[in-house]
Amino acid sequence: MPVCRFKRAKHCKFPQASFGFTTQGMIYGFKLHAWALPNGRIVRYLIRPAHEHDLKTSCAVRR
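Residues numbered from 1 in each chain as written. Predicted model: local features only at pLDDT ≥ 70, side-chain atom pairs only at ≥ 80, totals over all residues. Heavy atoms only, no water.

The protein appears in an unreviewed UniProt entry as Transposase DDE domain-containing protein from Deinococcus cavernae.

Right, here's the structure in full:
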């Protein structure tokens, strides 16, 4: 969930957003981590700043 492109990040007004790296490259924004059932129903989700590591957040989603 990028807030804006990397080169426009200095103009962004979201104080919780941060720089992070995803499979799409560098982003400025947030990451959505969701835990879904096989039928597609979302059980839990977390929205975290982009700089937090996926492994750390996935442990928090499973609790």
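A. Main features of the confidence of the model for the protein. Taken over all residues, the pLDDT of the protein has a mean of 76, while the share at 70 or more is 78%. Considering each helix and strand of the protein separately, the mean pLDDT is smallest for strand E1 (residues 2–4), with a value of 57, and largest for strand E4 (residues 42–49), with 86. (pLDDT = per-residue confidence, 0-100. Helix = DSSP H or I, 4+ residues; strand = E, 2+ residues; numbered from the N terminus.)

B. Representation of the environment of leucine 32 within the structure. Along the chain, the position of leucine 32 falls in strand E3 (residues 25–36). Distance in space between the C-alpha atoms of leucine 32 and isoleucine 47 is 4.6 Å, their sequence separation being 15 residues.

C. Representation of the pairing of E4. Two strands pair when backbone bridges link them, and E3 and E4 are joined in this way by 7 bridges, in the antiparallel orientation. Opposite alanine 36, over in E4, you have isoleucine 42 as the bridge partner. (Pairing = 2+ DSSP bridges.)

D. Molecular detail of the environment of phenylalanine 21. Secondary-structure assignment places phenylalanine 21 in strand E2 (residues 18–22). In this structure phenylalanine 21 comes out as exposed when scored by relative accessible area, which is 59%. For the pair formed by phenylalanine 21 and histidine 53, sequence separation is 32 residues and the distance between their alpha carbons is 9.2 Å. (Buried < 20%, exposed > 50% of the residue type's maximum accessible area, 1.4 Å probe, protein only.)

E. Geometry of a nonpolar patch on the surface. A cluster of nonpolar side chains, contributed by Leu32, Ile42, Tyr45 and Ile47, occupies part of the molecular surface with about 430 Å² of accessible area. Among the elements that make up the nonpolar patch, the one with the highest residue count is E4 (3 residues). Along the chain, isoleucine 47 falls in strand E4. Exposure remark for isoleucine 47: the relative accessible area of 45% places this residue in the partly exposed category. (Patch = residues over 30% accessible without salt bridge, like charges linked within 9 Å, V, L, I, M, F, W, Y side chains within 5 Å. Areas by Shrake-Rupley, 256 points an atom, 1.4 Å probe, with all protein chains shown as cover. Salt bridge = Lys/Arg side-chain N within 4 Å of Asp/Glu carboxyl O.)

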